[in-house]
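# Descriptive analysis of the structure
Chain by chain, the residues run as shown.
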Amino acid sequence: MEREPGRAARAGSEAVPGALPGTRAGTLAGTVAVLVAANVLNNRLAPRLAPLTSAAATGALVVMARRSGLSWAELGFHRRSRGLRIGGALASAVAGAYAAGIAVPATRRFFRDERALSLSRARALEEALIQVPFGTVLLEEVGFRGVTHALVARSHGHGTATAVSSVLFGLWHILPAVDMMAANPALSRLATGEALSAPGAPDVPGVPDAAGSGGSRGSRTEGTGGEGPGVPVVLASRARGTGGEEGSGVPAVPAGPDAPGVPQGPRRAPAWQVARVVAGSVVTTGLAGVLFTELRRRGGLAAPALFHVATNSLGYLFARLAPPEEPASGRGPLPR
């Protein structure tokens, strides 16, 4: 029979002999520092190495948490069977929602991701099967729903732990939100609550579409939260360069009118618009963090991890399956 988290909490101080409660504040600060470093590495400096960076960061976080006296159950490594059932059911629901989303013209634009469409089949498989599970979900679930939540919950309770870990999870998505501006204008505007333009029209006022077609091309959300292309913000968890300069997080664009022999590309969005998208993404992913924390409470880390992987990885599949948008004139699909 699997141990209940309550029992583990009562015996948590005995999980690692010699651990002192006073060390947990320092452990929390160390946890935040590790997460910040991993976020910059994964989004800006070495995106293709994200699985290695995230695995190393996850290991460091678990070691620090155990040394501070937290038990495996407090960290979310419990209720595995129940978590797999819950996560599997939610993953199936995600697949059904995505299928319905690309089938409806009004929502199809949110699934078309320029980065996913520009990937080769091998790179798309790498993203869906390696980068998302090990480069994104592993660290986010263990880091936020596991270590951060457990450290705060030990001294301040579940409610405060949920709030703190979810706020940090929202802030974690600042860099991906900036990247999302270039790759998915439609989803970016949805995150801010702004009215969407008609299909086939540019989604960012005054800024040409990244693909030059005038339609939105989609972006990854780490969230329906998440780190994959496609739907809500959890999918927008991490952005990696695909089709542009490696590690840039967005497709490469011409340098401007002075670039010899190259037409001018999309202009940068205004600062106020970037700020709105970032704020909307932080709020949305923070709320997704609350949902993921509740799943963790009911089924350990397995439940939110499976849901998270499905949300992001399936985004690559459905971004490629989404039919091209019809132009306003109705004279055929937009170019891919």
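Right above here is the structure, for reference.
Quick look at the structure, then. (Residues numbered from 1 in each chain as written. Predicted model: local features only at pLDDT ≥ 70, side-chain atom pairs only at ≥ 80, totals over all residues. Heavy atoms only, no water.)

### Here we look at the nonpolar core
To keep it simple, the criterion reads: Residues grouped as a nonpolar core are buried Ala, Val, Leu, Ile, Met, Phe, Trp, Tyr and Cys residues, joined through side-chain atoms within 4.5 Å. The classification of residues rests on relative accessible area computed with a 1.4 Å probe and restricted to protein chains. Under 20% of the type maximum is buried, over 50% is exposed, and intermediate values are partly exposed. Elements are defined by DSSP. Helices are runs of H or I of four residues or more, strands are runs of E of two residues or more, and each kind is numbered from the N terminus.
Counting 17 residues, the largest nonpolar core has L35, L70, L75, L139 and V147 as the members making the most contacts within it. Where this core is concerned, the elements lending two or more residues are α2 (23–45), α3 (50–67) and α7 (121–171). With seven residues, the top contributor of residues to this core is α7. With 12 residues, the next largest nonpolar core counts Y98, A303, A310 and A322 among its residues.

### Points about the packing of α3 against α7
Using the following cut-off: As a rule, the C-alpha atoms of each element are fitted with a line to give its axis, helices using only the stretch in contact, and angles between N-to-C directions run from 0 to 180 degrees. Every angle not falling under 35 degrees, over 145, or within 65 to 115 is termed oblique; those three ranges are roughly parallel, roughly antiparallel and roughly perpendicular. By definition, any crossing whose near helix is turned counterclockwise from its far helix by less than a right angle is left-handed, and any crossing with a clockwise turn is right-handed. By definition in these notes, contact holds between two residues if any of their heavy atoms fall within 4.5 Å. Each residue gets one label: Ala, Val, Leu, Ile, Met, Phe, Trp, Tyr, Cys and Pro are nonpolar, Asp, Glu, Lys and Arg are charged, and the others, such as Gly, are polar.
Remark: α3 packs on α7, axes separated minimally by 8 Å, with the N-to-C direction vectors making an angle of 20°. For the element pair α3 / α7, the angle class is roughly parallel. In the crossing of α3 with α7, the sense of the turn from one axis to the other is left-handed. Each of A50, P51, S54, A55, A57, T58, L61, V62 and A65 in α3 lies in contact with α7, whose residues at this interface are I130, Q131, F134, G135, L138, L139, V142, G143 and V147. When grouped by side-chain class, the residues that make up the contact of α3 with α7 number 13 nonpolar, five polar and no charged.

### Some thoughts on the pattern of salt bridges
Going by this rule: Salt bridges are counted wherever a side-chain nitrogen of Lys or Arg sits within 4 Å of a carboxyl oxygen of Asp or Glu.
Under the definition given, this model contains seven salt bridges. The partner of R154 in a salt bridge is E74, and the shortest N-O contact between them spans 2.7 Å. Of this pair, R154 sits in helix α7 while E74 sits in the loop between α3 and α4 (80–103), and the two are 80 residues apart along the sequence. The exposure class of R154 is partly exposed, given its relative accessible area of 22%. Residue class for E74 comes out buried when judged on its relative accessible area of 10%. A salt bridge links R123 to E127; the nearest nitrogen and oxygen atoms lie 3.2 Å apart. Of the two residues, R123 and E127 both sit in helix α7, four residues apart, roughly one turn of that helix.

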